[in-house]
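# Structure at a glance
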Amino acid sequence: MNTSRYREQGYLEAIGNEIFHLISDLYPICRSLTGDGVRETLRVIGRLIPIAVNEIPTGTKVFDWTIPPEWNIRDAYIKNSNGERVLDFNKSNLHVVGYSGPIKAKMSLRELQEHLFTLPDKPDWIPYRTTYFREGWGFCMSHNQMGALESGQYEVCIDSSLEDGHLTYGELFLQGQTSDEVLISTHTCHPSLCNDNLSGIAVATHLARELSSLSLRYSYRFLFLPATIGPITWLCLNERRVSRIKHGLVLACVGDAGNTTYKRSRRGNAEVDRAVALVLKHSGKEYELLDFSPHGYDERQFCSPAFDLAVGCLMRTPPGRFPEYHTSADNLDLVKPLSLGDSLAKAISTLYILEHNRSFLNQNPKCEPQLGRRGIYRAFADQKDGGLQEQALLWVLNMSDGRFSLLDIAEKSGMSFETIKKAADVLLEQDLLKEDRYLSVPTETTEEVLR
Ligand code: ZN
(Lines give C-alpha, C1' and ligand atoms only; values in the text may rest on other atoms or scores of the structure.)
Protein backbone atom coordinates (compact mmCIF):
# COMPACT_ATOMS: atom_id res chain seq x y z
CA MET A 1 0.00 0.00 0.00
CA ASN A 2 1.22 3.37 -0.99
CA THR A 3 -0.21 6.34 0.88
CA SER A 4 0.66 8.73 -1.96
CA ARG A 5 -2.30 7.40 -3.95
CA TYR A 6 -4.58 8.98 -1.34
CA ARG A 7 -3.42 12.36 -2.56
CA GLU A 8 -4.61 11.69 -6.11
CA GLN A 9 -7.98 13.18 -6.96
CA GLY A 10 -8.91 10.27 -9.24
CA TYR A 11 -8.26 7.68 -6.56
CA LEU A 12 -10.19 9.66 -3.92
CA GLU A 13 -13.14 9.88 -6.30
CA ALA A 14 -13.06 6.17 -7.07
CA ILE A 15 -12.91 5.06 -3.45
CA GLY A 16 -15.35 7.84 -2.49
CA ASN A 17 -17.83 6.39 -4.98
CA GLU A 18 -17.48 2.95 -3.40
CA ILE A 19 -18.12 4.42 0.05
CA PHE A 20 -21.12 6.34 -1.31
CA HIS A 21 -22.47 3.13 -2.82
CA LEU A 22 -22.39 1.46 0.60
CA ILE A 23 -24.24 4.44 2.11
CA SER A 24 -26.93 4.10 -0.59
CA ASP A 25 -27.38 0.42 0.29
CA LEU A 26 -27.71 1.18 4.01
CA TYR A 27 -29.87 4.30 3.66
CA PRO A 28 -33.33 2.65 3.54
CA ILE A 29 -32.77 0.50 6.66
CA CYS A 30 -34.56 1.57 9.85
CA ARG A 31 -31.86 1.46 12.53
CA SER A 32 -32.17 2.26 16.22
CA LEU A 33 -30.32 1.51 19.47
CA THR A 34 -31.33 -2.13 19.06
CA GLY A 35 -33.32 -4.30 16.70
CA ASP A 36 -33.32 -5.95 13.30
CA GLY A 37 -32.32 -2.77 11.45
CA VAL A 38 -28.93 -2.86 13.20
CA ARG A 39 -28.55 -6.57 12.38
CA GLU A 40 -29.40 -5.94 8.74
CA THR A 41 -26.87 -3.08 8.64
CA LEU A 42 -24.15 -5.35 10.05
CA ARG A 43 -25.11 -8.04 7.50
CA VAL A 44 -24.56 -5.57 4.66
CA ILE A 45 -21.21 -4.45 6.12
CA GLY A 46 -20.36 -8.12 6.58
CA ARG A 47 -20.29 -8.57 2.82
CA LEU A 48 -17.23 -6.32 2.73
CA ILE A 49 -15.42 -7.12 5.98
CA PRO A 50 -15.56 -10.21 8.24
CA ILE A 51 -17.33 -8.50 11.10
CA ALA A 52 -18.28 -10.40 14.28
CA VAL A 53 -21.78 -9.69 15.59
CA ASN A 54 -22.26 -9.54 19.36
CA GLU A 55 -25.65 -9.76 21.07
CA ILE A 56 -25.99 -8.52 24.66
CA PRO A 57 -29.29 -9.42 26.40
CA THR A 58 -31.85 -6.86 27.55
CA GLY A 59 -31.48 -6.16 31.25
CA THR A 60 -27.70 -6.61 31.33
CA LYS A 61 -26.17 -4.06 33.70
CA VAL A 62 -23.38 -2.04 32.12
CA PHE A 63 -21.84 0.37 34.62
CA ASP A 64 -24.66 2.77 35.57
CA TRP A 65 -26.87 1.70 32.65
CA THR A 66 -29.07 -1.23 31.69
CA ILE A 67 -29.45 -2.71 28.19
CA PRO A 68 -32.96 -1.59 27.15
CA PRO A 69 -35.71 -3.71 25.61
CA GLU A 70 -35.19 -4.44 21.94
CA TRP A 71 -37.23 -2.25 19.59
CA ASN A 72 -38.61 -3.45 16.29
CA ILE A 73 -41.14 -1.86 13.98
CA ARG A 74 -43.09 -3.31 11.08
CA ASP A 75 -45.45 -0.52 10.02
CA ALA A 76 -46.87 2.81 11.15
CA TYR A 77 -49.36 5.27 9.74
CA ILE A 78 -51.91 7.98 10.37
CA LYS A 79 -55.15 7.58 8.43
CA ASN A 80 -57.76 10.29 7.93
CA SER A 81 -61.51 9.67 8.17
CA ASN A 82 -61.50 8.53 4.51
CA GLY A 83 -59.06 5.78 5.40
CA GLU A 84 -56.22 7.45 3.45
CA ARG A 85 -52.68 7.28 4.85
CA VAL A 86 -51.73 10.91 5.48
CA LEU A 87 -48.49 9.68 7.05
CA ASP A 88 -46.78 6.44 6.05
CA PHE A 89 -43.74 4.88 7.76
CA ASN A 90 -42.94 3.12 4.49
CA LYS A 91 -42.21 6.47 2.85
CA SER A 92 -39.67 7.52 5.51
CA ASN A 93 -38.61 5.75 8.68
CA LEU A 94 -38.04 9.21 10.23
CA HIS A 95 -41.85 9.52 10.46
CA VAL A 96 -41.89 7.50 13.69
CA VAL A 97 -40.21 8.72 16.86
CA GLY A 98 -37.52 6.10 17.50
CA TYR A 99 -38.42 3.62 20.28
CA SER A 100 -42.12 4.52 20.12
CA GLY A 101 -44.21 1.88 21.87
CA PRO A 102 -47.07 0.20 19.99
CA ILE A 103 -50.36 2.04 19.63
CA LYS A 104 -53.55 1.60 17.66
CA ALA A 105 -56.19 4.20 18.44
CA LYS A 106 -58.63 6.73 17.06
CA MET A 107 -58.33 10.32 18.16
CA SER A 108 -59.10 13.89 17.25
CA LEU A 109 -56.56 16.08 15.47
CA ARG A 110 -56.14 18.01 18.70
CA GLU A 111 -55.16 14.88 20.65
CA LEU A 112 -52.97 13.69 17.82
CA GLN A 113 -51.10 16.99 17.63
CA GLU A 114 -49.60 16.39 21.08
CA HIS A 115 -47.67 13.55 19.48
CA LEU A 116 -46.57 15.32 16.28
CA PHE A 117 -43.15 16.88 15.79
CA THR A 118 -42.26 19.29 12.98
CA LEU A 119 -39.68 21.92 12.10
CA PRO A 120 -41.52 25.23 11.56
CA ASP A 121 -38.28 26.88 10.36
CA LYS A 122 -37.72 24.18 7.72
CA PRO A 123 -41.29 23.41 6.68
CA ASP A 124 -40.36 20.76 4.09
CA TRP A 125 -38.09 18.69 6.30
CA ILE A 126 -38.98 15.85 8.68
CA PRO A 127 -37.20 16.00 12.05
CA TYR A 128 -35.46 12.97 13.60
CA ARG A 129 -36.62 12.29 17.16
CA THR A 130 -36.23 9.43 19.62
CA THR A 131 -37.73 8.51 22.95
CA TYR A 132 -34.88 6.38 24.26
CA PHE A 133 -34.97 5.36 27.92
CA ARG A 134 -38.46 6.89 28.45
CA GLU A 135 -41.77 5.50 27.32
CA GLY A 136 -43.80 7.31 24.71
CA TRP A 137 -44.81 7.47 21.11
CA GLY A 138 -44.94 10.05 18.37
CA PHE A 139 -44.75 10.92 14.72
CA CYS A 140 -42.47 13.31 12.86
CA MET A 141 -43.60 15.07 9.72
CA SER A 142 -42.88 18.14 7.69
CA HIS A 143 -44.53 21.31 8.97
CA ASN A 144 -46.34 21.67 5.65
CA GLN A 145 -47.68 18.13 5.95
CA MET A 146 -49.04 18.88 9.42
CA GLY A 147 -50.58 22.15 8.20
CA ALA A 148 -52.56 20.21 5.61
CA LEU A 149 -54.27 18.01 8.24
CA GLU A 150 -57.93 18.87 8.55
CA SER A 151 -59.80 18.65 11.82
CA GLY A 152 -61.61 15.40 12.39
CA GLN A 153 -60.95 11.88 13.58
CA TYR A 154 -57.71 10.08 12.80
CA GLU A 155 -56.62 6.49 13.11
CA VAL A 156 -53.08 6.13 14.37
CA CYS A 157 -51.09 2.94 14.29
CA ILE A 158 -47.54 2.11 15.33
CA ASP A 159 -46.96 -1.59 14.86
CA SER A 160 -43.85 -1.83 16.99
CA SER A 161 -42.59 -4.03 19.79
CA LEU A 162 -40.49 -3.33 22.87
CA GLU A 163 -39.51 -6.71 24.24
CA ASP A 164 -36.70 -8.60 25.89
CA GLY A 165 -34.09 -9.11 23.21
CA HIS A 166 -30.58 -7.89 22.62
CA LEU A 167 -28.35 -4.96 21.93
CA THR A 168 -26.43 -5.80 18.76
CA TYR A 169 -23.02 -4.48 17.83
CA GLY A 170 -20.34 -5.32 15.32
CA GLU A 171 -16.66 -5.79 15.97
CA LEU A 172 -13.70 -6.48 13.73
CA PHE A 173 -10.26 -7.22 15.10
CA LEU A 174 -7.21 -7.08 12.85
CA GLN A 175 -4.18 -8.68 14.48
CA GLY A 176 -1.01 -6.67 14.09
CA GLN A 177 2.54 -7.43 15.15
CA THR A 178 1.91 -6.12 18.65
CA SER A 179 -1.03 -6.47 20.99
CA ASP A 180 -1.21 -2.68 21.33
CA GLU A 181 -4.41 -1.53 19.68
CA VAL A 182 -5.79 1.32 17.65
CA LEU A 183 -9.55 1.71 18.14
CA ILE A 184 -11.87 2.89 15.37
CA SER A 185 -15.44 3.45 16.57
CA THR A 186 -18.59 4.61 14.83
CA HIS A 187 -22.28 4.81 15.79
CA THR A 188 -24.88 2.65 14.06
CA CYS A 189 -28.15 3.74 15.68
CA HIS A 190 -29.47 6.39 13.28
CA PRO A 191 -32.15 5.47 10.72
CA SER A 192 -32.22 7.04 7.22
CA LEU A 193 -29.67 9.78 7.90
CA CYS A 194 -26.55 9.93 5.77
CA ASN A 195 -23.91 12.23 7.18
CA ASP A 196 -24.85 11.35 10.78
CA ASN A 197 -23.89 8.58 10.56
CA LEU A 198 -23.92 6.31 7.54
CA SER A 199 -20.84 8.27 6.50
CA GLY A 200 -18.95 7.09 9.59
CA ILE A 201 -20.13 3.50 9.17
CA ALA A 202 -19.16 3.39 5.50
CA VAL A 203 -15.77 5.10 5.91
CA ALA A 204 -14.92 2.80 8.86
CA THR A 205 -15.89 -0.24 6.75
CA HIS A 206 -13.64 0.80 3.88
CA LEU A 207 -10.85 1.76 6.26
CA ALA A 208 -11.01 -1.76 7.73
CA ARG A 209 -10.98 -3.16 4.22
CA GLU A 210 -7.87 -1.18 3.25
CA LEU A 211 -6.03 -2.16 6.44
CA SER A 212 -6.98 -5.84 6.31
CA SER A 213 -4.63 -6.51 3.41
CA LEU A 214 -1.62 -4.97 5.16
CA SER A 215 1.03 -6.07 7.57
CA LEU A 216 0.44 -3.83 10.56
CA ARG A 217 2.47 -2.84 13.59
CA TYR A 218 -0.60 -2.18 15.74
CA SER A 219 -3.65 -4.37 16.09
CA TYR A 220 -6.84 -2.63 15.02
CA ARG A 221 -10.25 -2.92 16.63
CA PHE A 222 -13.26 -1.61 14.73
CA LEU A 223 -16.50 -1.11 16.66
CA PHE A 224 -19.89 -0.52 15.06
CA LEU A 225 -22.10 0.36 18.03
CA PRO A 226 -25.24 2.25 18.95
CA ALA A 227 -24.29 5.67 20.37
CA THR A 228 -23.71 6.06 24.11
CA ILE A 229 -25.09 2.71 25.38
CA GLY A 230 -22.89 0.93 22.80
CA PRO A 231 -19.47 2.15 23.96
CA ILE A 232 -20.63 1.95 27.58
CA THR A 233 -21.50 -1.71 26.98
CA TRP A 234 -18.23 -2.46 25.19
CA LEU A 235 -16.11 -0.72 27.83
CA CYS A 236 -17.92 -2.53 30.63
CA LEU A 237 -17.59 -5.98 29.05
CA ASN A 238 -13.98 -5.43 27.93
CA GLU A 239 -12.59 -3.44 30.83
CA ARG A 240 -9.56 -5.73 31.18
CA ARG A 241 -8.57 -5.13 27.56
CA VAL A 242 -8.92 -1.37 27.59
CA SER A 243 -5.30 -0.71 28.55
CA ARG A 244 -4.20 -2.16 25.20
CA ILE A 245 -5.84 0.75 23.36
CA LYS A 246 -3.05 3.22 22.63
CA HIS A 247 -4.79 5.43 20.07
CA GLY A 248 -8.26 5.80 18.66
CA LEU A 249 -10.58 7.68 16.36
CA VAL A 250 -14.33 8.07 16.44
CA LEU A 251 -15.65 8.58 12.89
CA ALA A 252 -18.82 10.68 12.59
CA CYS A 253 -20.26 13.12 10.04
CA VAL A 254 -17.40 12.49 7.63
CA GLY A 255 -19.27 12.88 4.33
CA ASP A 256 -20.52 16.47 3.90
CA ALA A 257 -18.81 19.03 1.71
CA GLY A 258 -17.47 21.02 4.68
CA ASN A 259 -13.87 21.19 5.87
CA THR A 260 -12.41 18.51 8.09
CA THR A 261 -12.81 19.11 11.82
CA TYR A 262 -10.91 17.16 14.44
CA LYS A 263 -11.90 17.12 18.08
CA ARG A 264 -8.93 16.28 20.26
CA SER A 265 -8.95 13.58 22.90
CA ARG A 266 -9.41 14.57 26.53
CA ARG A 267 -5.63 14.33 26.92
CA GLY A 268 -5.36 17.08 24.32
CA ASN A 269 -1.83 16.34 23.17
CA ALA A 270 -1.90 12.59 22.62
CA GLU A 271 0.06 11.12 19.73
CA VAL A 272 -3.15 10.66 17.73
CA ASP A 273 -4.10 14.31 18.32
CA ARG A 274 -0.71 15.44 17.05
CA ALA A 275 -0.79 13.03 14.11
CA VAL A 276 -4.19 14.28 12.91
CA ALA A 277 -3.10 17.91 13.36
CA LEU A 278 0.01 17.26 11.25
CA VAL A 279 -2.01 15.54 8.50
CA LEU A 280 -4.47 18.46 8.39
CA LYS A 281 -1.69 21.07 8.41
CA HIS A 282 -0.10 19.50 5.33
CA SER A 283 -3.40 18.70 3.58
CA GLY A 284 -3.41 22.01 1.69
CA LYS A 285 -7.04 22.49 2.75
CA GLU A 286 -8.83 24.50 5.40
CA TYR A 287 -9.54 22.65 8.63
CA GLU A 288 -10.51 23.17 12.24
CA LEU A 289 -9.12 21.70 15.47
CA LEU A 290 -11.40 21.61 18.51
CA ASP A 291 -10.49 20.89 22.10
CA PHE A 292 -12.20 18.03 23.88
CA SER A 293 -15.62 18.68 25.37
CA PRO A 294 -17.88 16.20 27.18
CA HIS A 295 -20.61 16.37 24.54
CA GLY A 296 -20.49 14.92 21.06
CA TYR A 297 -20.11 11.27 20.08
CA ASP A 298 -18.62 8.17 21.62
CA GLU A 299 -15.36 9.86 22.57
CA ARG A 300 -17.41 10.96 25.61
CA GLN A 301 -17.32 7.41 26.93
CA PHE A 302 -13.80 6.47 25.78
CA CYS A 303 -12.55 9.72 27.35
CA SER A 304 -14.51 9.38 30.60
CA PRO A 305 -12.14 9.97 33.53
CA ALA A 306 -11.56 6.33 34.53
CA PHE A 307 -10.54 5.41 30.96
CA ASP A 308 -9.17 8.69 29.56
CA LEU A 309 -8.18 6.99 26.32
CA ALA A 310 -6.32 8.79 23.55
CA VAL A 311 -9.39 8.84 21.33
CA GLY A 312 -10.36 11.87 19.25
CA CYS A 313 -13.20 12.45 16.82
CA LEU A 314 -12.71 12.93 13.10
CA MET A 315 -15.53 14.84 11.40
CA ARG A 316 -16.22 17.28 8.64
CA THR A 317 -18.92 19.73 9.76
CA PRO A 318 -19.61 18.95 13.44
CA PRO A 319 -23.11 17.90 14.58
CA GLY A 320 -25.51 20.79 15.03
CA ARG A 321 -23.46 23.07 12.79
CA PHE A 322 -25.10 21.98 9.52
CA PRO A 323 -28.79 22.83 9.15
CA GLU A 324 -29.66 19.37 7.78
CA TYR A 325 -28.45 17.73 11.04
CA HIS A 326 -31.06 15.29 12.46
CA THR A 327 -33.55 16.00 9.67
CA SER A 328 -34.70 14.28 6.49
CA ALA A 329 -32.42 16.68 4.57
CA ASP A 330 -29.43 14.70 5.86
CA ASN A 331 -29.96 12.51 2.81
CA LEU A 332 -27.90 11.14 -0.06
CA ASP A 333 -27.54 14.65 -1.54
CA LEU A 334 -25.68 15.87 1.53
CA VAL A 335 -22.83 13.36 1.36
CA LYS A 336 -20.25 13.73 -1.40
CA PRO A 337 -18.05 10.93 -2.75
CA LEU A 338 -15.03 13.22 -2.81
CA SER A 339 -15.53 14.21 0.85
CA LEU A 340 -15.92 10.56 1.85
CA GLY A 341 -12.73 9.63 -0.03
CA ASP A 342 -10.90 12.55 1.53
CA SER A 343 -12.02 11.58 5.05
CA LEU A 344 -10.78 8.03 4.46
CA ALA A 345 -7.47 9.39 3.16
CA LYS A 346 -7.01 11.58 6.24
CA ALA A 347 -7.73 8.66 8.55
CA ILE A 348 -5.20 6.51 6.67
CA SER A 349 -2.56 9.25 6.70
CA THR A 350 -3.05 9.54 10.46
CA LEU A 351 -2.66 5.78 10.95
CA TYR A 352 0.42 5.86 8.71
CA ILE A 353 2.04 8.29 11.15
CA LEU A 354 1.10 6.16 14.17
CA GLU A 355 2.43 3.03 12.45
CA HIS A 356 5.75 4.65 11.55
CA ASN A 357 6.45 7.01 14.42
CA ARG A 358 9.70 5.94 16.03
CA SER A 359 12.76 7.40 17.70
CA PHE A 360 16.26 6.95 16.32
CA LEU A 361 19.81 7.51 17.48
CA ASN A 362 22.29 9.34 15.26
CA GLN A 363 25.31 7.04 14.86
CA ASN A 364 27.58 9.97 13.94
CA PRO A 365 26.55 12.59 16.48
CA LYS A 366 29.88 14.45 16.63
CA CYS A 367 29.21 17.16 14.05
CA GLU A 368 27.44 16.45 10.76
CA PRO A 369 28.44 13.34 8.86
CA GLN A 370 29.78 13.94 5.34
CA LEU A 371 26.69 13.13 3.33
CA GLY A 372 28.19 13.93 -0.10
CA ARG A 373 30.83 11.25 0.30
CA ARG A 374 28.07 8.69 0.83
CA GLY A 375 26.20 9.67 -2.34
CA ILE A 376 23.16 10.70 -0.34
CA TYR A 377 22.75 14.13 -1.94
CA ARG A 378 22.91 12.51 -5.37
CA ALA A 379 19.97 10.29 -4.40
CA PHE A 380 17.79 13.39 -4.11
CA ALA A 381 19.41 15.52 -6.82
CA ASP A 382 16.93 14.71 -9.57
CA GLN A 383 13.85 14.89 -7.36
CA LYS A 384 11.76 18.02 -7.46
CA ASP A 385 11.71 18.17 -3.66
CA GLY A 386 15.44 17.41 -3.47
CA GLY A 387 16.27 20.59 -1.56
CA LEU A 388 13.61 19.87 1.01
CA GLN A 389 14.81 16.30 1.40
CA GLU A 390 18.36 17.55 2.08
CA GLN A 391 17.02 19.75 4.85
CA ALA A 392 15.03 16.84 6.20
CA LEU A 393 18.23 14.76 6.45
CA LEU A 394 19.80 17.47 8.60
CA TRP A 395 16.71 17.72 10.81
CA VAL A 396 16.59 13.96 11.39
CA LEU A 397 20.33 13.73 12.08
CA ASN A 398 20.31 16.65 14.46
CA MET A 399 17.22 15.66 16.46
CA SER A 400 17.85 11.91 16.64
CA ASP A 401 19.46 11.89 20.06
CA GLY A 402 16.88 9.57 21.54
CA ARG A 403 14.67 12.37 22.86
CA PHE A 404 12.65 13.08 19.71
CA SER A 405 10.43 10.90 17.54
CA LEU A 406 9.88 11.37 13.81
CA LEU A 407 6.56 13.05 14.69
CA ASP A 408 8.42 15.51 16.96
CA ILE A 409 10.88 16.24 14.15
CA ALA A 410 8.12 16.78 11.59
CA GLU A 411 6.40 19.21 13.96
CA LYS A 412 9.58 21.13 14.74
CA SER A 413 10.80 21.31 11.14
CA GLY A 414 7.42 22.24 9.68
CA MET A 415 7.81 19.38 7.20
CA SER A 416 5.38 16.60 6.44
CA PHE A 417 5.76 13.25 8.15
CA GLU A 418 6.40 11.54 4.80
CA THR A 419 9.34 13.86 4.06
CA ILE A 420 10.89 13.22 7.47
CA LYS A 421 10.32 9.49 7.23
CA LYS A 422 11.88 9.35 3.77
CA ALA A 423 15.00 11.06 5.15
CA ALA A 424 15.13 8.64 8.08
CA ASP A 425 14.85 5.69 5.68
CA VAL A 426 17.86 6.93 3.68
CA LEU A 427 19.92 7.51 6.82
CA LEU A 428 19.00 4.08 8.17
CA GLU A 429 20.17 2.51 4.93
CA GLN A 430 23.49 4.28 5.35
CA ASP A 431 23.81 3.10 8.97
CA LEU A 432 23.77 6.69 10.12
CA LEU A 433 20.72 5.99 12.29
CA LYS A 434 19.76 3.19 14.60
CA GLU A 435 16.31 2.69 16.02
CA ASP A 436 16.05 3.64 19.66
CA ARG A 437 14.13 0.61 20.80
CA TYR A 438 13.79 1.95 24.31
CA LEU A 439 11.81 4.99 23.19
CA SER A 440 9.96 3.53 20.22
CA VAL A 441 6.76 2.09 21.57
CA PRO A 442 5.76 -0.57 20.72
CA THR A 443 9.17 -2.11 20.14
CA GLU A 444 8.33 -4.71 17.49
CA THR A 445 8.96 -3.42 13.99
CA THR A 446 8.28 -4.45 10.46
CA GLU A 447 9.54 -3.25 7.14
CA GLU A 448 6.34 -3.94 5.28
CA VAL A 449 4.07 -1.89 7.50
CA LEU A 450 1.80 0.32 5.40
CA ARG A 451 4.18 0.30 2.44
ZN1 ZN B 1 -27.03 12.06 15.68
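Residues numbered from 1 in each chain as written. Predicted model: local features only at pLDDT ≥ 70, side-chain atom pairs only at ≥ 80, totals over all residues. Heavy atoms only, no water.

### What about the coordination of the zinc ion?
Stated formally: A 2.8 Å cut-off from the metal defines N, O and S donors, relaxed to 3.2 Å for Na, K and Ca; water is not in the atom list, so some sites may appear incomplete. Elements are defined by DSSP. Helices are runs of H or I of four residues or more, strands are runs of E of two residues or more, and each kind is numbered from the N terminus.
At this site the zinc ion is bound by His190 (NE2), Asp196 (OD) and His326 (NE2), with donor distances of 2.0 Å. As a motif over one chain, the donors of the zinc ion read H-x5-D-x129-H. In this pair, aspartate 196 is assigned in helix H5 (residues 194-212) and histidine 326 in the loop between strand E16 (311-315) and helix H9 (337-356), connecting sequence segments 130 residues apart.

### Here we look at the side chain of serine 413
Short version of the rule: Polar contacts, as used here, are pairs of N or O atoms within 3.5 Å; protein pairs need one atom able to donate a hydrogen and one able to accept it. Residues neighboring in sequence count only if both atoms are side-chain atoms. Contacts between residues were defined by any pair of non-hydrogen atoms, one from each residue, lying within 4.5 Å.
Mapped onto the elements of the fold, serine 413 is located in helix H12 (residues 406-413). Separated by 3.1 Å, the side chain of serine 413 and the backbone nitrogen of methionine 415 make a polar contact. In contact with serine 413, not counting residues within four places along its chain, are Trp395 and Ile420.

### So, the packing of helix H1 (residues 9-26) against H5
Heads up, the rule is: Lines fitted to C-alpha atoms define the axes, with helix axes restricted to the stretch in contact, and inter-axis angles between N-to-C directions lie between 0 and 180 degrees. We call two directions roughly parallel when the angle between them is under 35 degrees, roughly antiparallel when it is over 145, roughly perpendicular when it lies between 65 and 115, and oblique otherwise. Crossing handedness is defined as follows: a turn of the near helix away from the far one that is anticlockwise and smaller than a right angle gives a left-handed crossing, while the clockwise case is right-handed.
Running from amino to carboxyl end, H1 crosses H5 at an angle of 120 degrees, the nearest separation of the two axes being 9 Å. As summarised for this structure, H1 and H5 are arranged oblique, according to the angle between their axes. The two elements H1 and H5 meet at a crossing, and its hand is right-handed. Facing H1, whose interface residues are Tyr11, Ile15, Glu18, Ile19, Leu22, Ile23 and Leu26, H5 presents Cys194, Leu198, Ser199, Ile201, Ala202, Val203, Thr205, His206, Arg209 and Glu210.

### With respect to the environment of proline 226
Tracing the chain through its elements places proline 226 in the loop between strand E12 (219-225) and helix H6 (229-237). Along the chain, proline 226 and tyrosine 169 lie 57 residues apart, while their C-alpha atoms are 7.2 Å from each other. With near-sequence residues (within four places) excluded, proline 226 lies in contact with Leu33, Leu167, Thr168, Tyr169, His187, Thr188, Cys189, Pro231 and Asp298.

### A short note on the sheet that holds E12
This is how the line gets drawn: Between any two strands, at least two bridges found by DSSP are needed for them to pair.
With mixed pairing, the eight strands of this open sheet are ordered in space as E1-E10-E12-E11-E13-E16-E14-E15. A strand with exactly one partner marks an edge of an open sheet, and here the two such strands are strand E1 (52-57) and strand E15 (287-290). Averaged over all neighbouring strand pairs, the angle between strand axes comes to 20 degrees, with direction disregarded. When strand E14 (residues 260-263) meets E15, the two strands line up parallel, connected through four bridges. Note on E15: the bridge partner recorded for threonine 261 is glutamate 288.

### Details of the confidence of the model for the protein chain
Heads up, the condition is: The pLDDT value tells you how sure the predictor is about a given residue, anywhere from 0 up to 100.
The pLDDT averaged across the protein chain works out to 94; a share of 96% of its residues lies at or above 70. Of the regions scoring below 50 in pLDDT, residues 442-449 engages in 23 contacts with residues more than four places distant in sequence or in other chains.

### Considerations on the domain arrangement of the protein chain
What counts here: Domain limits in this description derive from either an automatic procedure or a database domain assignment.
What the domain assignment reports for the protein chain is domain 1 (4-67 + 166-356), domain 2 (71-163) and domain 3 (359-435). Each of domain 2 and domain 3 has a C-alpha centre, and the two are 64 Å apart.

### Re H5
The cut-off we apply is this: Given a helix with a known number of residues, its expected span is that number minus one, times 1.5 Å. When a residue's accessible area, from a 1.4 Å probe over protein chains only, is under 20% of the maximum for its type it is buried; when over 50% it is exposed; and in between it is partly exposed.
Between its first and last C-alpha atoms H5 spans 25 Å; for 19 residues at 1.5 Å apiece the expected length is 27 Å, and the two agree. The buried fraction of H5 amounts to 17 of the 19 residues, a majority that puts the element mostly inside the structure.

### A short note on the pattern of salt bridges
The condition is simple: In the sections that follow, a salt bridge refers to a side-chain nitrogen of Lys or Arg positioned within 4 Å of a carboxyl oxygen of Asp or Glu.
Inspection of every chain in the model, using the stated rule, returns 26 salt bridges. Notably, a salt bridge pairs arginine 43 with glutamate 40, separated by 2.8 Å at the nearest N-O pair. Taken as a pair, arginine 43 and glutamate 40 lie in helix H2 (residues 36-46) at a separation of three residues, close to a single helical turn. Taking the relative accessible area as the measure of exposure, arginine 43 reaches 52% and is therefore exposed. Here the salt bridges share partners, and the residues they tie into one network are Asp36, Arg39, Glu55 and Glu70.

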